[in-house]
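A look at the structure
Each chain, written out:
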Amino acid sequence: MLEVHPITAFNDNYIWLIKAPNQQNCWVVDPGDAAPVQDYLTANNLNLEGILLTHHHYDHIDGVTKLAKQGVQVVGFAKDSQRLPALTKPVEEGTTFELLGYAVKVMEVPGHTLGHIVYFIEGNDRKETNQPLLFSGDTLFAAGCGRMFEGTAEQMQASLQSLANLPPATQVFAAHEYTLSNLKFALEVEPNNAALQNRMTQCTQLRATQQPTLPSTLAVELATNPFLRVTQPEVLASLKTQTKEADWANLTNPAEAFKLLRSWKDKA
Ligand SMILES: [Zn+2]
């Protein structure tokens, strides 16, 4: 079974480090800064075998060149190879490859950027307690989602929906600690959601002692993340109060509801 450890970087980034128990080889996801990764490797006597990149933003890639010494694999989206440093393994939607003996599947999720991919490890454990792993970058956050910098609302909503269809036990490793502010907005949208109220209490306690609120699980996201809940009656009722009548009349599908919700969050 793989272990995943958070390395904090900048104000609120997580660089996830993946290793197998009692092994020296490890991988990291989205190293925006090399120094905290190098410190962690030294302190724990680990050897960096590879790097997974979700997208081209500087806070996800700026540490790559320093870390990618000879022999370190660097995995990223083939279509974005111009914007990603030192790629040794260009991948695309549906590509599978091996990481520390486990199969990783690549999913293309445009929206935050047009070249955003995520990494899904389904068979993390052969037992019934299997919890697949998802490294969701800046696409799916705890109780939120990334802004659309390059893609459309339709693309982002379809991308989130493809993640929502993964097994509910999937552990979600997002790239930022944005959970409390996301939960604050989520409670504006669904003030009566008991699961959401409980999550706010739990995450507030975790952050009071600087502990990560991640990973979450897809089951928790499905119950509390408004961006995965745009067809829920309370979400729609709240959206209606925020939307001009003419815009509301045009609302015919979940992608349009998602778009209204995202623009409400952007203004909040
Ligand atoms: Zn980003």
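For the structure itself, look to the data block above.
This write-up is about the structure you can find in this document.

Basis of the calculations
Residues numbered from 1 in each chain as written. Predicted model: local features only at pLDDT ≥ 70, side-chain atom pairs only at ≥ 80, totals over all residues. Heavy atoms only, no water. Donors = N, O, S within 2.8 Å, 3.2 Å for Na, K, Ca; no water. Tetrahedral: all angles 85-135°; square planar, octahedral: opposite > 155°, others 65-115°. Buried < 20%, exposed > 50% of the residue type's maximum accessible area, 1.4 Å probe, protein only. Salt bridge = Lys/Arg side-chain N within 4 Å of Asp/Glu carboxyl O. Helix = DSSP H or I, 4+ residues; strand = E, 2+ residues; numbered from the N terminus. Pairing = 2+ DSSP bridges. Axes fitted to C-alpha atoms, helices over the stretch in contact; angles between N-to-C directions. Contact = heavy atoms within 4.5 Å.

1. Overview of the coordination of the zinc ion
Surrounding the zinc ion are the protein donor atoms His55 (NE2), His57 (ND1), His112 (NE2) and Asp138 (OD), at 2.1 to 2.3 Å. Geometry at the zinc ion is irregular, judged from the 4 donor atoms that bind it and their angles of 93 to 166 degrees at the metal. Of the residues examined, Asp138 reaches a relative accessible area of 3% and is grouped as buried.

2. Digging into the pattern of salt bridges
In the structure shown here, the tally under the stated rule is 9 salt bridges. The residue Lys79 makes a salt bridge to Glu108 at a minimum N-O spacing of 3.6 Å. Of this pair, Lys79 sits in the loop between β5 (73-77) and β6 (89-91) while Glu108 sits in strand β8 (residues 102-108), placing them 29 residues apart in sequence. Judged by relative accessible area, Glu108 falls into the partly exposed class, the value being 25%.

3. Examining the sheet that holds strand β3 (residues 25-29)
With mixed pairing, the 6 strands of this open sheet are ordered in space as β1-β2-β3-β4-β5-β6. Two strands bound the open sheet, and with one partner strand each, they are β1 (3-9) and β6. When the angles between neighbouring strand axes are averaged without regard to direction, this sheet yields 25 degrees. Note: strand β2 (residues 13-19) against β3, 4 bridges, orientation antiparallel. From the neighbouring strand, Lys19 faces β3, where its bridge partner is Cys26. Lying over the sheet, helix α1 (residues 34-43) contacts β1, β2, β3 and β4 (47-52), oriented at roughly 135 degrees with respect to β1.

4. Remarks on the environment of Thr170
In this structure, Thr170 sits in the loop between α4 (153-164) and β13 (171-174). Spatially, the C-alpha atom of Thr170 lies 5.5 Å from that of Leu218, the residues being 48 residues apart in sequence. Residue contacts for Thr170: discarding those within four places in its chain leaves Phe120, Pro132, Leu133, Leu134, Ser216, Thr217 and Leu218.

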